[in-house]
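Here is how the chains run, residue by residue.
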Amino acid sequence: MGDLDAGSLAARRVIAGASGFLVTAVAVVTVAFLASGEQGGLPLWYHALGWWSAALTVALALAAPILRERALRVGAGAAVVSYLAVVALFPVAAEAGHVERMPWLLTASSAGVAAALVAAGPGLGWVTVVLAAVAGVIYRLRFGGFDLDGVVNDAHAVLTAAVICALGGFVLSAGRGLDAAAAARREAGERESAERGRLAARTRTAALVHDEVLATLALAASTVAVPLDRLAAQARRAALMVTRLAHEESEDSWPLEAALAREARRHDARFTARVDSPLHVSDPVREAIVGACRQALANAVRHAEEAPRSVTLTVRSAMIEVVVADEGAGFEVSDIADDRLGIRHSIVGRMARVSGGGAEVQSGHGTGTRVVLRYRPDPGPEMDADASGRPRGRAVALLAAGFVALQVLCAVAAALSAPESWPRQAALLAVVLLTASLVWSARRAAPAWPRAAAITALVVGGTVVAVSTAPFSYGPLWPVVALAFFLVVLALRGRTGTAMAGAVLIAIVVAARGILDGALVGQTVQLAARPTVIVIVAVAMLLVVARMRRRIAALHREAVIAAESESWSRAARAELGRRTDELVRTVVPLMERIGAGSPASAAQRREYAAWEGRLRDELRAGGLSREPLRSAVGAARGRGVDVVLLDDSGEAVDEDALVAVLAWMAAAVGEARHDVVGRLHPPHRAMQASIAVDGRVSLFDGALTVPPPVPR
């Protein structure tokens, strides 16, 4: 069971706890009846089986917080089997004993239904509801009890079990929904993180190639006289940085503070850390900050080599700030060219690609330079599911229809049992239906306080009328339990406090009537228990589910973030390894040759120029660095043509259009004699591409080329 299955496991634990509570409530009522001398006539072995079933369910509820899903489902399955055995063996026990009517607790199926939900989901839950209802009808016909009390008790028992099954089913749905949302977010996040990791590795190698290798190759290919010792030193430094980059692949797991201190030492900078809170960052964030800091230090060394440098790390209230400063001559930030990877891409762009990251370059002539890197963690991916733990749609309609049908049945049964009471039964049924209409009209949202108060007043008022005018028995008091179900609906709609207050008032009213009448304790407890227990269970499940959703969502966020970080690291390491291996194989030998300090021949200068163009294309040409244009550019450079390719499309060009552009540019490059500048335009431009060949510009719009007149 992985972290991404935690929602389903937590939902089953919640329902297991509810089953333990329900069976405990049944046990308390049973003890009250036994203490009053009722519920006798059954053999000892049957009582032992019933108590074993109850004990197994309670033990499962108590152990649920530490059980894994398989063990929890197996235990719940055993509890369901034991409950069904109690139901199935009742005829044998009744024949062996002296039973005058079927005991009420045989129809208390809610705990068994909850255990069935844990074991196998709503399917087995509804099967358990039906089996218990059918067995109740058959046993009452066979062993007695098919009277008003029996009919009302069984109707409300079936309704209670159905509500538990529906509510538990949506709890499971909420858990599965959280797991599904997390799995989908993890899959998408892993793909996105892998791509960001590859992009970070490409950015890291591109910055090194741009700022070290290209400059060296350009100087080596130039016919301009360059001091060989300085060129050789630059080449050796470039080779060293490439090989060091390959070695640093094994250092990616360094903590941020240690990695920044290492970069400061390598660039002869003073390092200061001011950490006021624990410092934990993911691999993508650490790489972005360290990489941007490395580039800022490299720029400081290149442009202000003799000036003092410093790196300051500040961590305060989850905000990370790194300041790389030098006391050099400074520069105007607005003068930075668009193609300078060192600042715009390797520093500002690198931090911008991290959610919650940013960078700012502060400089001016004579004021030195400060590069400020900032990162504030975002809350992480939101985990939510469509299921909210509340019945909706067709399930609500079916439950509502079943509720109304059962209450009509109870009212008719009560009127047939005592014909003189039909006006009272009609009035009480009208109160139930009026309350139902108020509840139903607010089914899609939490009812406003006035409506919630009106519903609660009708529930409590109807209870008072029923208790004060009807005999103190379960059948005649059928409206009490019926009205209590509306409090369950209020709880489901967010009015848990109002629902609990109404349940307490119902219990007080029923208990007061029982005490005044001197009723048996078991009877009083039974009459007060069912309307209050169902509300308490619903409220408790909702509160626990709300807490579960927050806790599981947080757990899922942590798991998804960890998976994204791992995906990023894995992809970044693979991409960095591939690119550094390529550089070590192709570039390092060139740098070592130049680093030897020997004068370059004409053929070697052409080779250096060709490599410089190829590497520059890989950095700036983007989608243009493909066949057949790549071969055409190589041939043109072999003829001494200066070729520059720029991809400003942001990878927004359609593949078919790009193929057409490549063929068009390749043909144009083949005609060049002196220089070529080819460019893919940003997506908002009317023309997709342009190419300037020996001073003559042509535009491409996907259908035709437009050669504007060349000024003479």
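Remember, predicted model here, so these are calculated numbers, not experimental data.

Novice: Would you take a moment to explain the overall build of the chain for this structure?
Specialist: Looking only at helices and strands, the chain has 20 helices and ten strands in total. Taking all 712 residues of the chain together, 50% fall into the buried category. Considering only contacts within the chain whose residues lie at least 6 apart along the sequence, 75% involve residues at least 24 apart. Here the chain has roughly 32100 Å² of accessible surface; of this, 61% comes from carbon and sulfur atoms.

Novice: Honestly, the side chain of Glu575 in this entry has me stumped. Any pointers?
Specialist: Inspection of the secondary structure assignment puts Glu575 in helix α17 (residues 521-595). Its relative accessible area of 8% is what places Glu575 among the buried residues. Of note is the side chain of Glu575, whose polar atom sits 2.9 Å from the side chain of Arg578. Discounting chain neighbours no more than four positions away, the residues touching Glu575 are Arg198, Ala201 and Arg202.

Novice: Before we go on, may I ask you to explain the sheet that holds strand β2 (residues 309-316) in this structure?
Specialist: Two modes of strand pairing occur in sheets, parallel and antiparallel, and in both the strands are linked by backbone hydrogen bonds. On the basis of which strands lie adjacent, the open sheet formed by five strands has the order β1-β2-β3-β5-β4 and mixed pairing. Edge positions in the open sheet fall to β1 (270-275) and β4 (357-363), since each of these has one partner strand only. Strand after strand, the sheet turns through a mean of 10° between neighbouring axes, direction not considered. Bridge count between β1 and β2: six bridges; the pairing is parallel. Considered in β2, the bridge of Val275 is made with Val315.

Novice: For this particular structure, what's the right way to read the environment of Asp617?
Specialist: Within the fold, Asp617 resides in helix α18 (residues 602-620). Leave out the neighbours within four places in its chain, and Asp617 touches Gly622, Ser625, Val633, Arg637 and Leu645.

Novice: Honestly, the packing of helix α3 (residues 69-88) against helix α5 (residues 110-120) in this entry has me stumped. Any pointers?
Specialist: Between two packed helices, both the angle of their axes relative to each other and the distance between the axes serve to describe the pair. Following both chains from N to C, one finds α3 and α5 inclined at 145°, their axes separated by 8 Å at the closest point. Judged by the twist between their axes, the crossing of α3 over α5 is left-handed. In contact with Leu72, Arg73, Ala76, Gly77, Ala79, Val80 and Tyr83 of α3, α5 contributes Gly112, Ala115, Ala116, Val118, Ala119 and Ala120. Residues of the contact of α3 with α5, tallied by class, amount to ten nonpolar, two polar and one charged.

Novice: I would appreciate a short explanation of helix α14 (residues 449-469) in the present structure.
Specialist: Every α-helix winds through 3.6 residues per turn, so residues three or four apart in the chain are directed the same way. Spanning 21 residues, α14 covers 30 Å between terminal C-alpha atoms, matching the ideal 30 Å at 1.5 Å per step. Packing partners of the buried residues in α14 comprise α13 (422-441), α15 (478-492) and α16 (496-517).

Novice: What am I meant to see in the packing of helix α2 (residues 44-63) against α3 here?
Specialist: The contact between α2 and α3 brings their axes to 9 Å, and the two run at 155°. On the basis of their axis angle, the class for α2 and α3 is roughly antiparallel. Handedness of the crossing formed by α2 with α3: left-handed. Taking contact as the criterion, the partners of Tyr46, Leu49, Gly50, Trp52, Ser53, Leu56, Thr57 and Leu60 in α2 are, on α3, Leu72, Gly75, Ala76, Ala78, Ala79, Ser82, Tyr83, Ala85, Val86 and Val87.

Novice: Quick question: what am I supposed to make of unusual backbone geometry here?
Specialist: Peptide bonds are mostly trans, and most non-glycine residues show a negative phi. The peptide bond linking Glu627 to Pro628 adopts the cis configuration, its omega dihedral lying at 5°. Turning to its location among the elements, Pro628 is positioned in the loop between α18 and α19 (629-638). Even without glycine at this site, Asp268 takes up a positive phi of about 55°. Take Asp268: it is sitting in the loop between α9 (256-266) and β1.

Novice: How should the nonpolar core be read in this particular structure?
Specialist: Residues Ile15, Leu477, Trp478, Phe486, Leu487, Val510 and Val535 are the most contacted members of the largest nonpolar core, which totals 80 residues. Top element by residues in this core is α15. It accounts for 13 residues. Apart from residues lying up to four places away in sequence, Leu477 is in contact with Ala466, Val467, Ala470, Pro471, Phe472 and Leu527. Core analysis: the second largest hydrophobic core is formed by 27 residues, Leu256, Ile289, Leu297 and Met351 among them.

Novice: Explain the packing of aromatic side chains to me, please; I cannot follow it from the model alone.
Specialist: Aromatic ring pairs are reported here in terms of the distance separating the ring centres and the angle at which the planes meet. Applying the stated criterion across every chain yields a total of eight aromatic pairs. Ring centres of Phe90 and Phe143 lie 5.2 Å apart, and the angle between their planes is 80°; on these two criteria the pair is classed as edge-to-face. With Phe90 in helix α4 (residues 90-96) and Phe143 in helix α6 (residues 122-143), this pair connects stretches of sequence that are 53 residues apart. Taking relative accessible area as the criterion, Phe143 reaches 11% and is therefore assigned buried.

Novice: Where do I start with the pattern of salt bridges in this structure?
Specialist: Note on pairing: side chains with opposite charge can pair once their charged atoms come close. Here the structure, examined in full by the defined rule, presents 14 salt bridges. For Glu575, the salt bridge goes to Arg578, with nearest N and O atoms at 2.9 Å. In this pair, Glu575 and Arg578 both sit in helix α17, three residues apart, roughly one turn of the helix. Close ionic contact of Arg585 with Glu582 constitutes a salt bridge, the shortest N to O distance being 2.7 Å. Linking Arg585 with Glu582, this pair stays in helix α17, spanning three residues, or about one helical turn.

Novice: Help me out: how do you make sense of helix α20 (residues 655-669) in this one?
Specialist: Counted at 1.5 Å a residue, the expected span for α20 with its 15 residues is 21 Å, and the 21 Å between its end C-alpha atoms agrees. Taken together, the buried positions of α20 are Ala657, Leu658, Val661, Leu662, Trp664, Met665, Ala666, Ala668 and Val669.

Novice: How do you make sense of the pairing of strand β3 (residues 319-326) when you look at a structure like this?
Specialist: In terms of burial, β3 is largely enclosed, as seven of its eight residues are buried. Of the pairings in the sheet, the one linking β2 to β3 comprises eight bridges and is antiparallel in character. Counted as the bridge partner of Val311 is Val324 from β3. As consecutive antiparallel partners, β2 and β3 are separated by two residues, and within that stretch Ser317 has a phi angle of approximately 55°, a positive value. As paired strands, β3 and strand β5 (residues 369-375) are joined by seven bridges and run antiparallel to one another. Bridging across to β5, Ile320 finds its partner in Tyr375.

Novice: For this particular structure, what's the right way to read the confidence of the model for the chain?
Specialist: Detailed reading of the predicted model is not advised wherever pLDDT is low. For the chain, per-residue confidence averages 80 on the pLDDT scale, and 88% of positions sit at 70 or higher. Note that residues 385-391 has pLDDT below 50 and, in this model, 22 contacts with residues that lie over four places away or in other chains.

Novice: Would you explain the side chain of Thr456 in this entry?
Specialist: Relative to the elements of secondary structure, Thr456 occurs in helix α14. You can call Thr456 buried: its relative accessible area is 11%. There is a polar contact of 2.9 Å between the side chain of Thr456 and the backbone oxygen of Ala452. When near neighbours in sequence (up to four residues on either side) are disregarded, Thr456 contacts Leu490, Thr498 and Gly502.

Novice: What exactly am I supposed to notice about the environment of Gly678 here?
Specialist: Residue position: Gly678 is located in strand β7 (residues 675-680). Overall, the relative accessible area of 0% leaves Gly678 in the buried class. Each C-alpha atom, one on Gly678 and one on Ala689, is 7.6 Å from the other, the two residues being eleven residues apart in sequence. In contact with Gly678, not counting residues within four places along its chain, are Leu624, Val644, Leu645, Leu646, Met665, Ser690 and Ile691.

Thresholds applied
- Residues numbered from 1 in each chain as written.
- Predicted model: local features only at pLDDT ≥ 70, side-chain atom pairs only at ≥ 80, totals over all residues.
- Heavy atoms only, no water.
- Helix = DSSP H or I, 4+ residues; strand = E, 2+ residues; numbered from the N terminus.
- Buried < 20%, exposed > 50% of the residue type's maximum accessible area, 1.4 Å probe, protein only.
- Contact = heavy atoms within 4.5 Å.
- Areas by Shrake-Rupley, 256 points an atom, 1.4 Å probe, with all protein chains shown as cover.
- Polar contact = N/O pair within 3.5 Å; in protein donor to acceptor, adjacent residues only side chain to side chain.
- Pairing = 2+ DSSP bridges.
- Axes fitted to C-alpha atoms, helices over the stretch in contact; angles between N-to-C directions.
- Left-handed = near helix turned anticlockwise from the far one by under 90°.
- Nonpolar A, V, L, I, M, F, W, Y, C, P; charged D, E, K, R; others polar.
- Expected span 1.5 Å × (residues − 1).
- Parallel < 35°, antiparallel > 145°, perpendicular 65-115°, else oblique.
- Core = buried A, V, L, I, M, F, W, Y, C linked by side-chain atoms within 4.5 Å.
- Phe/Tyr/Trp six-rings, centres within 6.5 Å; stacked < 30°, edge-to-face > 60°.
- Salt bridge = Lys/Arg side-chain N within 4 Å of Asp/Glu carboxyl O.
- pLDDT = per-residue confidence, 0-100.

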